[in-house]
Amino acid sequence: MLEQPKQVGKTALEVKNLKLVFRTYAGLVKALDGVDLTVRRGEILGLVGESGSGKSVTALAIAGLLPENAQIIEGEVLLDGDNLLGKEKKALRIARLTDIAFVFQDPMTYLNPVFTIGRQITEIFDGDPKLFQDELIKSRLDEIKALQHKTAETAILAELSREEQRLQEAKRSGKLSRKEGKRLSRSRALQYLSLVKLPDPERVFKMYPFELSGGMRQRAMIAMALARSPRVLLADEITTALDVTVQAQILELLKELRNNIHAAVIIITHDLGIVAQTCDMVAVMYAGNIVETATVEEIFRNPLHPYTKGLLAAVPRIGKTGESLESISGSVPDLIYPPSGCRFHPRCPMAFERCPQVKPPLVEPKTGHKVECLLYGG
Ligand code: SF4
């Protein structure tokens, strides 16, 4: 039985009709073709699909980390109802730096190899303007207090917020010495390292990234992401390079954290096993479109879109011996010349006459279960 989120709150992130292209020498790559996504606080959404389906591009667009040749043509990225795409450059940078945290597949490309883990975390506190805003600290304390389930982690978070409040007061009154500021930053960094269950945080604080194992580096990166108190946490294929035991531990940690930090979490993966194990909701992506969205249980029990059905049929099952694995014929299309109408039609076993002519609208044949396929209407 899948574990349900303990407290799912209001919508944290909403992506509406996001269309994005990349300018390349070969031509215009129509990478996102009207992506719609919603994630609520305390919820984990799994964004799944084959390589090249647009999962990572969607995440990068949300986090504002797109390369220079990317151009957003249309759409909105709403963070607590506030459209990030309409903001000025500086405000956008602050919002994205402080409210949206990204954990990457390979922590070594993100962590600075010449600084200790401790220095990299404390730098976040020293340079982050949001951590010194009264309102934010107060609202975070209120959120933690409102959580009915009290754990060791919520106690740590509450203590961290109180510490930030004290730091704020000391800064305002001019009583905070440099030494005291450093001490407070260090103590907060250590608490974040224990929050992600790193053994011996004092030791890890002094270590360089190359001295940590893959799993520890991933935990350190999650600690750095949490230190920003994000409203949205994006995790892109974060367990791909880890062995199965460490992978299970990291996923378990994410599940615990989504309840404790009460953030919206998006896990980007091509692995349906990870989705089944970790997520509450699933969005299936194909060639720049979200083709189906539902709860994890619903997707596994009652998939509607032919692509989702194909993905599920391709998962190896215990007890199914002697049979060859099913696969989806063909490959992800070239998005410089995407197929007309439904982008899945050249590979779809259910395609019919109208499929190459009409882009399927998003319909909701069952409450909470949305699909983009002409078989269900439109
Ligand atoms: Fe297949 Fe047509 Fe549905 Fe597209 S719209 S998934 S081609 S049946």
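Note that the structure is a prediction, hence the values are computed from the model and not measured.

Applying the stated criterion to the full structure yields 15 salt bridges. For E297, the salt bridge is made with R301, and the minimal N-O distance between the two is 3.4 Å. Of this pair, E297 and R301 both sit in helix α12 (residues 296-301), separated by four residues, roughly a single helical turn. According to the relative accessible area criterion, E297 is partly exposed, its value standing at 23%. A salt bridge links K359 to E372, with the nearest nitrogen and oxygen atoms 3.9 Å apart. One end of the pair, K359, is in the loop between α13 (306-313) and β11 (363-366); the other, E372, is in the segment after β12 (369-371), and 13 residues separate them in sequence. The partly exposed category is assigned to K359, whose relative accessible area is 37%. Residue classification places E372 among the buried residues on the basis of a relative accessible area of 8%.

Before going further, it helps to examine the nonpolar core. Among the nonpolar cores identified, the biggest contains 100 residues, and L13, L37, I62, I121, I222, L234 and I266 are the most heavily contacted of them. The leading source of residues in this core is helix α9 (residues 214-226), at eight residues. Sequence-distant contacts of L37, that is, excluding residues within four places in its chain, are made with L13, E14, V15, L45, L47, T58, I62, A283 and I290.

Before going further, it helps to examine the sheet that holds strand β5 (residues 82-83). Strand order in the open sheet formed by four strands is β2-β1-β4-β5, with antiparallel pairing between adjacent strands. Every interior strand has two partners, whereas the edge strands, β2 (27-40) and β5, have only one. As defined by bridge partners, strand β1 (residues 11-24) adjoins strand β4 (residues 70-79) across eight bridges and the pair is classed as antiparallel. Its bridge partner being in β4, K19 is matched across the sheet by E74. Lying on the sheet, helix α1 (residues 55-63) is in contact with β1, β2 and β4; it crosses β1 at an angle near 110°.

Parameters and conventions
- Residues numbered from 1 in each chain as written.
- Predicted model: local features only at pLDDT ≥ 70, side-chain atom pairs only at ≥ 80, totals over all residues.
- Heavy atoms only, no water.
- Salt bridge = Lys/Arg side-chain N within 4 Å of Asp/Glu carboxyl O.
- Helix = DSSP H or I, 4+ residues; strand = E, 2+ residues; numbered from the N terminus.
- Buried < 20%, exposed > 50% of the residue type's maximum accessible area, 1.4 Å probe, protein only.
- Core = buried A, V, L, I, M, F, W, Y, C linked by side-chain atoms within 4.5 Å.
- Contact = heavy atoms within 4.5 Å.
- Pairing = 2+ DSSP bridges.
- Axes fitted to C-alpha atoms, helices over the stretch in contact; angles between N-to-C directions.

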